Amino acid sequence: MKSSVLTRYRVMAYVTAVMLLVLCACMVAKYGFGVGEDVTFMVSQTHGVLYIIYLIFAFDLGSKARWPFGKLLWILLSGTIPTAAFFVERKVVREVQPLIAGSAPVAAKA
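Residues numbered from 1 in each chain as written. Predicted model: local features only at pLDDT ≥ 70, side-chain atom pairs only at ≥ 80, totals over all residues. Heavy atoms only, no water.

1. Some remarks on the packing of aromatic side chains
Under the defined criterion, the tally for this structure stands at three aromatic pairs. Relative to tyrosine 54, the ring of tyrosine 9 has its centre 5.7 Å away and its plane inclined at 35°; by these criteria the two rings are tilted. Pair noted here: tyrosine 9 is in helix α1 (residues 3-33) and tyrosine 54 is in helix α2 (residues 37-65), with a separation of 45 residues, a long-range link. Across the pair, exposure class does not vary: tyrosine 9 and tyrosine 54 are buried alike. For the pair tyrosine 51 and tyrosine 54, a centre-to-centre distance of 5.9 Å together with 25° between the ring planes defines the contact as stacked. With tyrosine 51 and tyrosine 54 both in helix α2, this residue pair falls three residues apart, about one helical turn. Comparing tyrosine 51 with tyrosine 54 shows no difference in burial state: the two are buried. Among the aromatic residues, those joined into a ring-pair cluster are Tyr9, Tyr51 and Tyr54. (Phe/Tyr/Trp six-rings, centres within 6.5 Å; stacked < 30°, edge-to-face > 60°. Helix = DSSP H or I, 4+ residues; strand = E, 2+ residues; numbered from the N terminus. Buried < 20%, exposed > 50% of the residue type's maximum accessible area, 1.4 Å probe, protein only.)

Here it is as structure tokens:
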């Protein structure tokens, strides 16, 4: 497995998690204080598009790492729970790093 697969997942996990936190703050502003309705709409739409990209990259990583369906489902859903993606991303990196190191090409000896 290439390290770029993990890098794509990591970037999207962080971006999705941050956007979800921003969305939560916007929801508090909208429903708690009655302000920021337009901003909340824009942030929610942006988070939705980024979450779809996250799903694609996470599914790609999961299929290459050969995760069972339950584990893959938990990782896919972690983008919908505030702060969960940060913790899940760290766990995924620890599990996938050995797979990337083990698939490194070996130099031929002359």
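2. Details of α2
Compared with an ideal rise of 1.5 Å per residue, which puts 29 residues at 42 Å, α2 spans 41 Å between its outermost C-alpha atoms and is within 8% of the ideal. Along α2, the residues classified as buried are Thr40, Val43, His47, Leu50, Tyr51, Tyr54, Ala58, Asp60, Leu61, Gly62 and Ala65. Where the residues of α2 are buried, they touch α1, α3 (69-77) and α4 (84-102). Immediately downstream of α2, the backbone of arginine 66 shows phi near 60°, a positive value. (Expected span 1.5 Å × (residues − 1). Contact = heavy atoms within 4.5 Å.)

3. Section: a nonpolar patch on the surface
Where nonpolar side chains cluster on the molecular surface, the patch consists of Val28, Phe33 and Val35 and spans about 320 Å² of accessible area. Note that valine 28 resides in helix α1. (Patch = residues over 30% accessible without salt bridge, like charges linked within 9 Å, V, L, I, M, F, W, Y side chains within 5 Å. Areas by Shrake-Rupley, 256 points an atom, 1.4 Å probe, with all protein chains shown as cover. Salt bridge = Lys/Arg side-chain N within 4 Å of Asp/Glu carboxyl O.)

4. Details of the packing of α1 against α4
Packing of α1 against α4 leaves a shortest axis separation of 10 Å and a crossing angle of 175°. With respect to α4, the element α1 is oriented roughly antiparallel. In this structure, α1 uses Ser3, Leu6, Tyr9, Arg10, Ala13, Tyr14, Ala17, Val18 and Leu21 to contact α4, whose residues at the interface are Ala85, Phe86, Val88, Glu89, Arg90, Val92, Val93, Val96, Gln97 and Ile100. The residue inventory of the contact of α1 with α4, partitioned by class, reads 14 nonpolar, two polar and three charged. (Axes fitted to C-alpha atoms, helices over the stretch in contact; angles between N-to-C directions. Parallel < 35°, antiparallel > 145°, perpendicular 65-115°, else oblique. Nonpolar A, V, L, I, M, F, W, Y, C, P; charged D, E, K, R; others polar.)

5. Overview of α4
An ideal rise of 1.5 Å per residue puts 27 Å on 19 residues; α4 measures up with 28 Å between its terminal C-alpha atoms. Looking only at α4, the buried set comprises Ala84, Ala85, Val88, Glu89, Val92, Val93, Val96 and Ile100. Looking at the buried positions of α4, the neighbouring elements they touch are α1, α2 and α3.

6. A look at the pattern of salt bridges
Two side chains bearing opposite charge may form a pair once their charged atoms approach each other closely. Evaluated as defined, the whole model comprises four salt bridges. Where lysine 64 meets aspartate 60, a salt bridge forms, and the shortest distance between an N and an O atom there is 3.3 Å. Of this pair, lysine 64 and aspartate 60 are both found in helix α2, four residues apart, which corresponds to roughly one turn of the helix. With a closest N to O distance of 2.0 Å, lysine 71 and glutamate 95 form a salt bridge. In this pair, lysine 71 sits in helix α3 while glutamate 95 sits in helix α4, placing the two residues 24 residues apart along the sequence. Look at lysine 71 and you get partly exposed, because its relative accessible area is 27%. Residues participating in the shared-partner salt-bridge network are Arg8, Asp60 and Lys64.

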